[in-house]
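# Analysis of the macromolecular model
Below, each chain spelled out in residue letters.
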Amino acid sequence: MKNILKISLSVFMLVFFMACTDDDYDIGEITAPTNLQVETAILGQSEDMPDGDGSGEVTFTATAEGAMTYKFIFENGTEVTTASGVYTHPFSETGTQTHNVKIIAYGPGGTASTTSVEVEVLVTYEPPADLLEKLIGDGAKEWRIKAEAAGHFGLGPVGGNTPTEWYGAGPNEKAGVGMYDDRYIFEEDGTFVHITDITNDDASGTVFGRDPLVDQLGVSCDCETEGADVLNIPFDDYTENWSISAPGGNETINLTGIGFIGYYIGGDHRYEIFDRSVPNELVIRSTDGNGEFDWWFIITSESEDESGEEPEEEFESEYDELLWEADFDTDGDLDPAVWNFETGNGDNGWGNQESQYYTEDNAVISGGNLVITAKAEDTEGFDYSSSRITTKDNFEFTYGRIEARAKLPEGAGTWPAIWMLGSDFDEVGWPQTGEIDIMEHAGNEQDLIHGTLHYEGRSGGDADGNTITVDGVSDDFHIYTVEWTEDHIIFLVDGEVYHTYENNPDSPFNKDFFLILNVAMGGTFGGEIDPDFAESSMEVDYIRVFQ
């Protein structure tokens, strides 16, 4: 049910004229938007519940002839500008309250028409005491982005239920962009204070945002950019207001005005609380102002010194007895008693639309390393050649610590991987067999390492994994490790943990697996191939399995 409100308009028109003794310029008539109308739709409104279902959500739809943008101004200080004229606002004051909302329609040349509407809304939700205690403590708490945690900043589809499904930042990956030195203070009276640089005494710092949405902050600078990111935008401390609502039963932090956390993405400055089970920590997400993505953040009220994760404890393996080793010390061909070649292009490019044809000629032992080389050359009707080798039926095992010391190829489109599949692959298929990706790398994302698990319900683009940034993966050897037990699977690079999976009896990761090494080209993960690509190699010093 909608309330359609036609309001008489107070129209403000401002026309500037410039003249001098010799010239007379006529810029023509500039007219303000006309026929401004506003519709309100209260969530859950019906004849029995004229003030809504108690959620407090109201959608405002403004239209006007000649309008370019619309601004909504609320009594609590929230100001939202939209081009569409549609905005959903969560009122949070409990009880049945009448709220006055001002709407401005902007036209060309700074002209504007304005009106206001009143809406009566019922709010029955009150934040639980334990959430308020967590957020503000005895009266106020200071929060920060938990930079030391894997996945503290990430990206996923709108409405997804997997944090950082598409991308998750590794520990301290975004150092220097204007995010880690910010502090966010929630106060008992509803005040939200954003300190843009906790180390700066003159109340000025920098922030991190998405281009061009950061323009909404009203600042401009010749700032460094990285893709769609704008880094280190100069911005002073500011104060807004905060409240908590629960649209659809989802606890949500609402910030007024320009209030934001971590990374400026525009939108309506609402942060759904996805997980608050960890002491002094919240996992929150917000939808991009363009409606394209959900951005994820982990925030903590612990200082870096108190967090218990800085410095991190050194990882200790449960396994120390060498079970199996391939050290590649003797130049020549691979041992056929251990290694199998898988040749060809498989079905639909090995199920991934890959562009290479695998041969037995692109993998050799040379200089104490296994060398798998991808080349741009016509091979059996394909534009690229490479190799893929496995230990299937020759060496299979359950549980252990797997270490591979390797240097990776470079070049857009390269896709090296060191991984494992379940020994029952031929019987049950994929992803039911389970897949453990010890290391995956895409040349289009240099120095970003992926560690991933695929299994039924979590495969392909919805796989269970994380990433870590490692400098110089194509210049130097690094140690890629998986610790696999009946209780967990832990991914590491050079001894640093960046992803943990809690294993369980129902998972496919409690049986024998075999090893696979390959360098693919293009496909769903490798992406667009550099047209100038000639050849590049993955070099593997050793692979070791401990139990």
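### Some words on unusual backbone geometry
Cis geometry marks the peptide bond from Asp211 to Pro212; its omega dihedral reads 0 degrees. As for its placement among the helices and strands, Pro212 is situated in the loop between strand 15 (204-210) and strand 16 (225-226). Of note, the amide linkage connecting Trp430 to Pro431 takes the cis form, showing an omega dihedral of 10 degrees. Examined against the element boundaries, Pro431 turns out to sit in the loop between helix 3 (425-428) and strand 33 (435-441). Positive phi, normally seen in glycine, also occurs at Asn348, with a value near 55 degrees.

### Structural notes on the sheet that holds strand 16
Pairing in this open sheet of three strands is antiparallel, and the strands run 15-17-16 from one edge to the other. The open sheet is flanked by strand 15 and strand 16, the only strands paired with a single partner. In this sheet, strand 17 (residues 229-236) lies alongside strand 16 in antiparallel orientation, the contact comprising two bridges. For Thr225, the partnering residue across the bridge sits in strand 17 and is Val230.

### Considering the pattern of salt bridges
By the definition in use, this model includes 21 salt bridges. Ionic pairing is found between Glu342 and Arg388, a salt bridge with its closest N-O pair at 2.6 Å. One end of the pair, Glu342, is in the loop between strand 24 (340-341) and helix 2 (349-353); the other, Arg388, is in strand 29 (residues 388-390), and 46 residues separate them in sequence. A residue is classified by how much of its surface remains accessible, and Arg388, at 8% relative accessible area, is buried. The network of salt bridges with shared partners includes Glu57, Asp268 and Arg270.

### Some words on the pairing of strand 22 (residues 294-300)
The buried fraction of strand 22 amounts to seven of the seven residues, a majority that puts the element mostly inside the structure. Covered by surrounding structure in strand 22 are Asp294, Trp296, Ile298 and Thr300 together with Trp295, Phe297 and Ile299, the residues of both alternating faces. Alignment of strand 10 (residues 140-145) against strand 22, held across two bridges, turns out to be antiparallel. Of the residues in strand 22, the one forming a bridge with Ile145 is Ile299. Alignment of strand 11 (residues 153-156) against strand 22, held across four bridges, turns out to be antiparallel. Within strand 22, the residue paired with Leu155 across the bridge is Trp295. In this sheet, strand 22 lies alongside strand 21 (residues 281-287) in antiparallel orientation, the contact comprising seven bridges. By the bridge assignment, Leu282 is partnered in strand 22 with Ile299. Turn length for the strand 21-strand 22 hairpin, with the two strands adjacent in sequence and antiparallel, is six residues, and the turn residue Gly291 shows positive phi of about 70 degrees.

### Things to note about the nonpolar core
As a rule of thumb, soluble globular proteins bury nonpolar side chains together. Residues Trp339, Ile402, Ile436, Ile449, Trp484, Leu517 and Ile543 are the most contacted members of the largest nonpolar core, which totals 50 residues. Ranked by residues supplied to this core, first place goes to strand 39 (residues 513-521) with five residues. Listed in part, the 45 residues of the second largest apolar core include Leu131, Val177, Val230 and Phe293.

### Remarks on the packing of aromatic side chains
This model, assessed by the stated rule, comprises 37 aromatic pairs. Pairing Trp166 with Phe293 gives two aromatic rings, centres 6.3 Å apart and planes at 85 degrees, and the pair type is edge-to-face. Taken together, the residues Trp166 in the loop between strand 11 and strand 12 (167-168) and Phe293 in the loop between strand 21 and strand 22 connect sequence positions 127 residues apart. Cluster of aromatic residues (ring-pair linked, three or more members): Trp324, Phe328, Trp339, Phe395, Phe397, Tyr399, Tyr455, Trp484, Tyr501, Phe509 and Phe513. Residue placement shows Arg388 over the ring face of Trp350; its charged tip is 4.4 Å from the ring centre. Here Arg401 stacks its cationic end above the ring of Phe546, 4.0 Å away from the centre of that ring.

What counts as what
- Residues numbered from 1 in each chain as written.
- Predicted model: local features only at pLDDT ≥ 70, side-chain atom pairs only at ≥ 80, totals over all residues.
- Heavy atoms only, no water.
- Helix = DSSP H or I, 4+ residues; strand = E, 2+ residues; numbered from the N terminus.
- Pairing = 2+ DSSP bridges.
- Salt bridge = Lys/Arg side-chain N within 4 Å of Asp/Glu carboxyl O.
- Buried < 20%, exposed > 50% of the residue type's maximum accessible area, 1.4 Å probe, protein only.
- Core = buried A, V, L, I, M, F, W, Y, C linked by side-chain atoms within 4.5 Å.
- Phe/Tyr/Trp six-rings, centres within 6.5 Å; stacked < 30°, edge-to-face > 60°.
- Lys NZ or Arg CZ within 6 Å of the ring centre and 35° of its normal.

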